[in-house]
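What follows is the residue order along each chain.
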Amino acid sequence: MGNLIEIKGVRHAYRTASGPLPVLDGLELSVPEGGFVAVVGPSGCGKSTLTRLIAGLMTPDEGEVWLHGARVTSPRATVGMAFQNPVLLEWRTILKNVLLPLEIVPTKLTKKQAEERARHLLNLVGLSGFEDKRPSELSGGMRQRASLCRALIHQPEVLILDEPFGALDAFTREDLWQIMHALKAEEPFTGVLITHDLRESIFLADEVVVLSGRPARTQYVLDVAVKGARDIDHLYTPEAAEMLNVLRHQIAIAQGRELPATTRRAAQ
Amino acid sequence: MTWRGVGVPLIACAIFLAFWEWLVWVNGWPNFKMASPSDLWPAFWRFRDLFFTMGWDTLWRTVVGLLLAVAFGVFLGMIMGLSRVMRDALYPLLVGFNAIPKATVVPIIALMFVGQHDFNTILMAFMISFFPIAVSVSIGLSTLEPEYRDILRSLGASRATIFWKIALPKTLPEFFGALKVSVTLAFIGTNLMEIVSPHGRGLGALFDSGKTNSDYPLMFAVLVALAILGIILYYVVVLLEKIFAGWAERPAS
């Protein structure tokens, strides 16, 4: 098994007052070590459920989630998470916020080394000088950067990003995309990015997985031609336009607004 | 400390006192009908020893009642905030209990534990003031955004760790908001019991003896003393809030 994350045949339904609500139905996903996969799909299709499964915050009704050769049944310290809401603790300084995971996870770092590492990460995302500020003194984009540092401080194997840039304005978002590549170059994590932004998915990921509408299954996997760090200009090439076009069609199919290409051809 | 910050409030107070003095003087009200500000200091000075012993009684009983209310209110709030079943079970009881005007409970307690004046007074201060604390803590805990919990839970943190590191500090601003209300309420509770209990002690009892003698200067002097105690207690809470939940204040913009 060469993949760091392996999700096989996952089905899950939420129990609601009006009976079971299936959210995942036959989900397959594999991410190689050091890879970066983006997951896109219609709203409410179970993307966030997927992040909770990988993080071990819940177990599926059926199917298996494997992380680094071990079955995931409970939370593990080798995962880092960042959400759309940066959820920084208002009563702590930025530095103390970034250090939070090290208070939970066992670490070999001394207090001084940990602090140095936090300062280094903050510097990478352009937040040096803000270590002793409180979250309320920072802008939304800056808070999200701090939240990324917190997600990485304990050197997780997997970084789970659940629409982390969704609430930011377009310019700040592009800044953070570049910062993600800078972080990826320094920190050897395997990434899973949940997003609604197709441009974001092909700019950051090596592979884009399209989920079908609820209950979600893996509908389509797009291999992004350029791997690793890339320039923002990459988004304005004919290849990028072609990829975006494919993804847009896949989303339309997932939403039920368009028939799959094979069926369409047969109908003509 | 600017001229506007100090001078304006002082002038306003002086105008208010002057108007009060003038009102009593122009109507020629005697002492058994109404007191004027100039009567207050002599009334206080005449009974100064009583003011200090009675004031101390009122103060310590209020503070003990309030501390009990904090302990019990936080405990109750935690139970209701962390368990839905307990919230459903306890909330109606709590609302029902809170709806009873506490003045009607005073004679019951005074009769039930007759002679136990300290105990009665503390109990009253406690009963009237734990409700806002319990409600604010339970709401603070139950409205914690799930992402906050997930951040720590995904690292394998226990429920207790999540409570100490996130839920508790996040509830502090609401807790102090409620404590400011509770301080005032506890003070009301203490005074209700002191006034109603026969042979009571505390500033409430001193007020009651003033009432018996139609001694308006004494009654008003007690009111001023009560106001001073209330202000001190309130600002002690404000100070604690600044220390423990000062982060919740938005930076001035």
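No experiment lies behind these values; they were computed from the predicted model shown.

Enquirer: Help me get a handle on the overall build of chain A, residues and values and all.
Expert: Secondary structure assignment for chain A yields eight helices and ten strands. Here the C-alpha atoms of chain A give a radius of gyration of 19 Å, agreeing with the 18 Å that 2.2 N^0.38 yields for 268 residues. Along the first, second and third principal axes, the C-alpha set of chain A runs to 65 × 45 × 40 Å. Of all 268 residues assigned to chain A, the portion counted as buried reaches 52%. The contacts in chain A between residues at least 6 apart in sequence include a share of 69% that link residues at least 24 apart. Carbon and sulfur atoms make up 50% of the accessible area of chain A, which totals about 11800 Å². Here chain A carries 30 positive and 32 negative side-chain charges, and the mean point of each set is 5 Å from the other.

Enquirer: Before we move on, could you go through the interface of chain A and chain B and cite the residues and values that matter?
Expert: Opposite the 26 residues of chain A that make contact, chain B presents 18 residues. Both faces combined, the contact of chain A with chain B buries some 2000 Å², and carbon together with sulfur accounts for 69% of it. Among the residues of chain A in contact with chain B, A:L57, A:W91 and A:I104 are the three that bury the most area, contributing 30% of the side total. In this structure, the connection of chain A to chain B is made through two salt bridges. The residue B:D150 makes a salt bridge to A:R52 at a minimum N-O spacing of 2.6 Å. Here chain A and chain B share four residue pairs in polar contact (both at pLDDT 80 or more) between them. Top contributing element to the side of chain A that touches chain B by residue count: strand β6 (residues 79–83) of chain A, with three residues.

Enquirer: So what about helix α7 (residues 146–153) of chain B? Which residues, and what values?
Expert: Every buried residue belonging to α7(B) is among B:Y148, B:D150, B:I151 and B:L152, and all of these are buried. Packing partners of the buried residues in α7(B) comprise α1 (47–54), β6 and α4 (140–152) of chain A together with α8 (159–196) of chain B.

Enquirer: Can you explain the nonpolar core? Please cite residues and give values.
Expert: One broad rule of soluble globular proteins: the nonpolar side chains tend to lie buried together. With 79 residues, the main nonpolar core has A:I5, A:I7, A:I54, B:F51 and B:L203 as its most contacted residues. Sort the elements by how many residues they give to this core and α8(B) lands first, with eleven residues. Inspection of this core shows a minimum of three residues originating in each of domain 1 (1–75 + 157–164 + 190–262) and domain 2 (79–155) of chain A. Counting residues in each nonpolar core, the second largest holds 50 residues, with A:L168, A:L193, A:L198 and A:L204 among its members.

Enquirer: Break down the sheet that holds strand β1 (residues 3–16) of chain A for me, citing the residues and quoting the values.
Expert: Residues and elements named next belong to chain A. Spatial strand order, β2-β1-β4-β5: four strands in an open sheet with antiparallel pairing. Each edge of the sheet is formed by a strand with only one pairing partner; in this case those strands are β2 (19–32) and β5 (70–71). Pairing analysis gives two bridges linking strand β4 (residues 62–67) to β5, with the strands arranged antiparallel. Residue pairing for β5: W66 is matched across the bridge by R71.

Enquirer: Got a sec to walk through the sheet that holds strand β10 (residues 218–223) of chain A? Specific residues and values, please.
Expert: Through backbone hydrogen bonds, the strands of a sheet pair up, either in parallel or in antiparallel fashion. All names here are of chain A. Spatially, β6-β7-β8-β3-β9-β10 is the arrangement adopted by the six strands of the open sheet, whose pairing is mixed. A strand with exactly one partner marks an edge of an open sheet, and here the two such strands are β6 and β10. Direction aside, neighbouring strands of the sheet carry axes that sit 15° apart on average. With five bridges connecting them, strand β9 (residues 207–211) and β10 associate as antiparallel partners. Within β10, the position partnered with V210 by the bridge is Y220. The sheet contacts of α4 involve β6 and β7 (158–162), and relative to β6 the element is tilted by about 165°. Strand contacts of helix α7 (residues 238–254): β3 (36–40), β9 and β10, with the helix running at about 175° to β10, the strand carrying the most contacts.

Enquirer: How would you summarise the packing of aromatic side chains if you had to cite specific residues and measurements?
Expert: A full pass over the atoms with the stated rule returns 18 aromatic pairs over all chains. Plain terms: the ring middles of B:W20 and B:F220 are 5.5 Å apart, the flat faces sit at 55° to each other, and that makes the pair tilted. Taken together, the residues B:W20 in helix α1 (residues 3–27) and B:F220 in helix α10 (residues 216–245) connect sequence positions 200 residues apart. Of the two residues, B:W20 and B:F220, both sit in the buried class. Plain terms: the ring middles of B:F163 and B:W164 are 5.6 Å apart, the flat faces sit at 75° to each other, and that makes the pair edge-to-face. Residue classification places B:F163 among the buried residues on the basis of a relative accessible area of 10%. On the accessibility criterion, B:W164 (59% relative accessible area) is exposed. Pairwise contacts between aromatic rings join B:W41, B:F44, B:W45, B:F51 and B:F52 into one cluster. Lying across the ring of A:F189, A:K184 places its NZ or CZ 5.0 Å from the centre.

Enquirer: Outline the domain arrangement of chain A, listing residues and values.
Expert: All names here are of chain A. The domains assigned to chain A are domain 1 (1–75 + 157–164 + 190–262) and domain 2 (79–155). Taking only C-alpha atoms, the centre of domain 1 and the centre of domain 2 are 26 Å apart. At the junction of the two partners, domain 1 supplies 13 residues and domain 2 supplies eleven residues. Of the roughly 900 Å² buried between domain 1 and domain 2 on both sides combined, carbon and sulfur atoms contribute 62%. Sorting the residues of domain 1 by area buried against domain 2 places L159, I160 and P164 first, and these three jointly supply 42% of that buried surface. For the interface between domain 1 and domain 2, the tally reads zero salt bridges. Taken together, domain 1 and domain 2 are joined by six residue pairs in polar contact (both at pLDDT 80 or more). Contributing elements (two or more residues each) for the side of domain 1 that touches domain 2: α1 and β7. Counting residues per element, the side of domain 1 that touches domain 2 draws most heavily on β7, which supplies five residues. Residues that form the side of domain 1 that touches domain 2 fall into these classes: nine nonpolar, one polar and three charged.

Thresholds, definitions, all that
All residue numbers refer to positions counted from 1 along the written sequence of the respective chain. All chains are assigned letters beginning at A, and all ligands numbers beginning at 1, according to the order in which they are written. Local features in a predicted model are, by the rule used here, given only for residues with pLDDT of at least 70; side-chain atom pairs are given and counted only at 80 or more, and totals for whole chains, interfaces and linings are based on all residues. Side-chain descriptors were evaluated using all non-hydrogen atoms of the structure, hydrogens and water having been removed beforehand. Under the scheme used here, helices are H or I runs from DSSP no shorter than 4 residues and strands are E runs no shorter than 2 residues, and both carry numbers assigned from the N terminus. The quantity called the radius of gyration is restricted to C-alpha atoms. Its globule counterpart is 2.2 Å times the number of residues to the power 0.38. With a 1.4 Å probe rolled over the protein chains alone, any residue whose accessible area is under 20% of its type maximum counts as buried; one over 50% counts as exposed, and the rest are partly exposed. Note on contacts: a residue pair is in contact if any heavy atoms of the two residues lie within 4.5 Å. For accessible areas, the Shrake-Rupley method is used with a probe of radius 1.4 Å. Any residue's cover is judged against the shown protein chains and nothing else. Charge convention: Lys and Arg are scored as positive, Asp and Glu as negative, and His as well as the terminal groups of each chain are ignored. The location of each charge is read from NZ of Lys, CZ of Arg, CG of Asp or CD of Glu. Values labelled buried area give the accessible surface lost by two parts on being combined, using a 1.4 Å probe and summing over both. Salt bridges are defined by distance alone: a side-chain nitrogen of Lys or Arg within 4 Å of a carboxyl oxygen of Asp or Glu. Contacts described as polar in this section are N or O atom pairs within 3.5 Å, which, within protein, must combine one atom able to donate a hydrogen with one able to accept it, while residues neighboring in sequence count only if both atoms come from side chains. Side-chain atoms within 4.5 Å are what join buried Ala, Val, Leu, Ile, Met, Phe, Trp, Tyr and Cys residues into a set we call a nonpolar core. Per the annotation, domain bounds derive from an automatic or database assignment of domains. At least two DSSP bridges between two strands are needed for those strands to be called paired. Convention adopted: a line fitted to C-alpha atoms gives each axis, helices being fitted over their contacting stretch, and angles between N-to-C directions are expressed from 0 to 180 degrees. Pairing of aromatic rings covers Phe, Tyr and the six-membered ring of Trp, with a centre-to-centre limit of 6.5 Å; geometry is then stacked below 30 degrees between planes, edge-to-face above 60, and tilted otherwise. The rule for a charge over a ring is simple: NZ of Lys or CZ of Arg within 6 Å of the ring centre, and within 35 degrees of the ring normal. Classification convention: Asp, Glu, Lys, Arg as charged; Ala, Val, Leu, Ile, Met, Phe, Trp, Tyr, Cys, Pro as nonpolar; all other residues, Gly among them, as polar.

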